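Each chain is listed here by its residues.
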Amino acid sequence: MQVKLHKHSFDYSMKFQIITPQTGLHSTYTPQVIASFLFNHLEQYGDKTEDILKCIDYAMNPQKGGTIIIGIDEQEIVGIVIMNNTGMKDYIPENILVYIAVDNSQRGKGYGKKLMQKAIESVEGNIALHVEPDNPAFHLYTKLGFTNKYLEMRLTK
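Residues numbered from 1 in each chain as written. Predicted model: local features only at pLDDT ≥ 70, side-chain atom pairs only at ≥ 80, totals over all residues. Heavy atoms only, no water.

(A) Summary view of helix α2 (residues 49-60). In a regular helix each residue adds 1.5 Å, so twelve residues correspond to 16 Å; α2 covers 16 Å between its end C-alpha atoms and thus fits that length. On its buried face, α2 is in contact with β3 (15-19), α1 (31-42), β4 (66-73), β5 (76-85) and β6 (95-102). (Helix = DSSP H or I, 4+ residues; strand = E, 2+ residues; numbered from the N terminus. Expected span 1.5 Å × (residues − 1). Contact = heavy atoms within 4.5 Å.)

What follows is the structure in structure tokens.
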């Protein structure tokens, strides 16, 4: 597949490994491998490894649930998405996109968009996400149809 971005041409054939509580974790893509990738490539938008591991545990818990999507090109991980089920519907979206990261050396090739499209088609129901206004991915989310319905406020105790 040819993708043209920024006057460059990229030829890639990203494949996806979709992991749910029903499929179970893949022996190659352990929670530690997934958390390490996300920690390394989320940069200033990321969390501590132990917090990422909690998110993975939640997603893989059959009573809670979620979806992990791993983008692979030439047997290398190029990106990962983790979505958790909220257990709610209508007033709160059924899914929250907790993490998405693309390998730093692979950005600008369309992997993030492909990962988001696969994430959208892989889950039932609506999706919420939090994004910093200065995050470059903000524009991708807007192009994919996400809207800013609320200003999030938090009280941290």
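And the narrative resumes.
(B) Broad picture of the environment of D103. Tracing the backbone through its elements, the reader meets D103 in the loop between β6 and α3 (111-122). According to the relative accessible area criterion, D103 is buried, its value standing at 16%. In this structure, the C-alpha to C-alpha distance between D103 and N40, residues 63 residues apart in sequence, is 8.4 Å. Not counting residues within four places of it along the chain, the set of residues in contact with D103 comprises F37, H41, I77 and V78. (Buried < 20%, exposed > 50% of the residue type's maximum accessible area, 1.4 Å probe, protein only.)

(C) Local environment of the pattern of salt bridges. This model, assessed by the stated rule, comprises three salt bridges. With a closest N to O distance of 3.3 Å, R107 and E43 form a salt bridge. Within this pair, whereas R107 is found in the loop between β6 and α3, its partner E43 is found in the loop between α1 and α2, the two being separated by 64 residues in sequence. With a relative accessible area of 40%, E43 lands in the partly exposed category. Taking the shortest distance from any N to any O, the salt bridge between D51 and K54 comes out at 3.6 Å. You can see D51 and its partner K54 sitting in helix α2, three residues apart, about one turn around the helix. (Salt bridge = Lys/Arg side-chain N within 4 Å of Asp/Glu carboxyl O.)

These figures capture arrangement, not role.
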